[in-house]
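Structure at a glance
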Amino acid sequence: MAEGSAGRDGGARAGGRFAALGALVMALAVIVGATGDHLVAGRVGAEGMHIYDIAERFQFYHGLGLLLIGVLIRQYGKRRLLYVAGGLMALGILLFCGGLYLLVLSGDGFWAFFAPLGGTSLIAAWLSLALGLWRASAT
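It should be emphasised that the depicted structure is a prediction, and the values quoted were computed from it without experimental measurement.

Let us look at the environment of serine 121. Checked against the element boundaries, serine 121 lands in helix α4 (residues 114-137). Considering only alpha carbons, one finds serine 121 and leucine 94, 27 residues apart in sequence, at a separation of 10.0 Å. Not counting residues up to four positions away in its chain, the partners in contact with serine 121 are Leu88, Leu91 and Gly92.

Take the nonpolar core next. Soluble, globular proteins show a tendency: their nonpolar side chains are buried together. Ranked by internal contacts, the top residues of the largest apolar core, which has 27 residues, are Tyr52, Ile69, Met89, Ile93 and Leu100. If you list the elements that add at least two residues to this core, you get α1 (8-40), α2 (46-76), α3 (80-106) and α4. At 10 residues, α3 tops the list of elements feeding residues into this core.

With that out of the way, let us pick up the side chain of glutamine 59. Tracing the chain through its elements places glutamine 59 in helix α2. What glutamine 59 contacts, discounting residues up to four positions off in sequence, is Val25, Leu28, Ala29, Val32, Ile93, Cys97 and Tyr101.

Let's shift gears to the confidence of the model for the protein chain. Mean pLDDT over the protein chain works out to 91, with 93% of the residues at or above the 70 mark. The spread of mean pLDDT over the elements of the protein chain runs between α1, the lowest at 89, and α3, the highest at 97. The model gives residues 1-7 a pLDDT under 50, and that stretch makes 11 contacts with residues more than four places away or in other chains.

Moving on: α2. Helix length check: α2 (31 residues) gives 44 Å between terminal C-alpha atoms against 45 Å at 1.5 Å per residue, within 8%. A positive phi of about 80° marks glycine 77, the residue just after α2.

Another point: the packing of aromatic side chains. Per the stated rule, a full pass over the model turns up seven aromatic pairs. With centroids separated by 6.3 Å and ring planes inclined at 80°, the aromatic side chains of phenylalanine 18 and tyrosine 83 adopt a geometry described as edge-to-face. Separated by 65 residues along the polypeptide, phenylalanine 18 in helix α1 and tyrosine 83 in helix α3 bring together distant segments of the chain. Residue class for phenylalanine 18 comes out buried when judged on its relative accessible area of 14%. These aromatic residues form a ring-pair network of at least three members: Phe110, Trp111, Phe113 and Phe114.

At a closest axis distance of 12 Å, the pairing of α2 and α4 adopts a crossing angle of 25°. It follows from the interaxial angle that α2 and α4 lie roughly parallel. α4 is crossed by α2, and the crossing has left-handed handedness. Across the interface between the two elements, Phe58, His62, Gly65, Leu68, Ile69, Leu72 and Tyr76 from α2 touch Leu122, Trp126, Leu129, Leu133 and Ala136 from α4. When grouped by side-chain class, the residues that make up the contact of α2 with α4 number 10 nonpolar, two polar and no charged.

What follows concerns the environment of leucine 129. Take leucine 129: it is sitting in helix α4. Leucine 129 gets classed as buried once you look at its relative accessible area, which sits at 4%. Residues leucine 129 and alanine 12, spaced 117 residues apart in sequence, show a C-alpha to C-alpha distance of 17 Å. Each residue touching leucine 129, except ones within four places of it in the same chain, is listed here: Leu68, Ile69, Leu72, Leu82 and Ala85.

Basis of the calculations
- Residues numbered from 1 in each chain as written.
- Predicted model: local features only at pLDDT ≥ 70, side-chain atom pairs only at ≥ 80, totals over all residues.
- Heavy atoms only, no water.
- Helix = DSSP H or I, 4+ residues; strand = E, 2+ residues; numbered from the N terminus.
- Contact = heavy atoms within 4.5 Å.
- Core = buried A, V, L, I, M, F, W, Y, C linked by side-chain atoms within 4.5 Å.
- Buried < 20%, exposed > 50% of the residue type's maximum accessible area, 1.4 Å probe, protein only.
- pLDDT = per-residue confidence, 0-100.
- Expected span 1.5 Å × (residues − 1).
- Phe/Tyr/Trp six-rings, centres within 6.5 Å; stacked < 30°, edge-to-face > 60°.
- Axes fitted to C-alpha atoms, helices over the stretch in contact; angles between N-to-C directions.
- Parallel < 35°, antiparallel > 145°, perpendicular 65-115°, else oblique.
- Left-handed = near helix turned anticlockwise from the far one by under 90°.
- Nonpolar A, V, L, I, M, F, W, Y, C, P; charged D, E, K, R; others polar.

This is the structure:
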């Protein structure tokens, strides 16, 4: 049985969940942005706000990525690399953005350790998505 032919119903369900997660991540990015402007900006310096803004921007972009992955899973059905891409993207958002938010809000450099791990996960997610789409287009 081909990778994507294992039933589109399961793909529709999982795709919907990834899309919903992406929408939730984007809603949280709006909340984080407003919180940053109203509460965080007065408590951290310019460099801290720059880091916070990077985390917010990456959160929003990768929330869109999760939404896209959900739509693609619904379109192509169950494809292992699309699931991998979604999982890696969710993990990358948590590690990269979460690490940067905690770095800025706590002032503890320990949290900076998670940003490169999250960034690597985000890169791997986009590469998995590219390969998954390449393979899906060949069937």
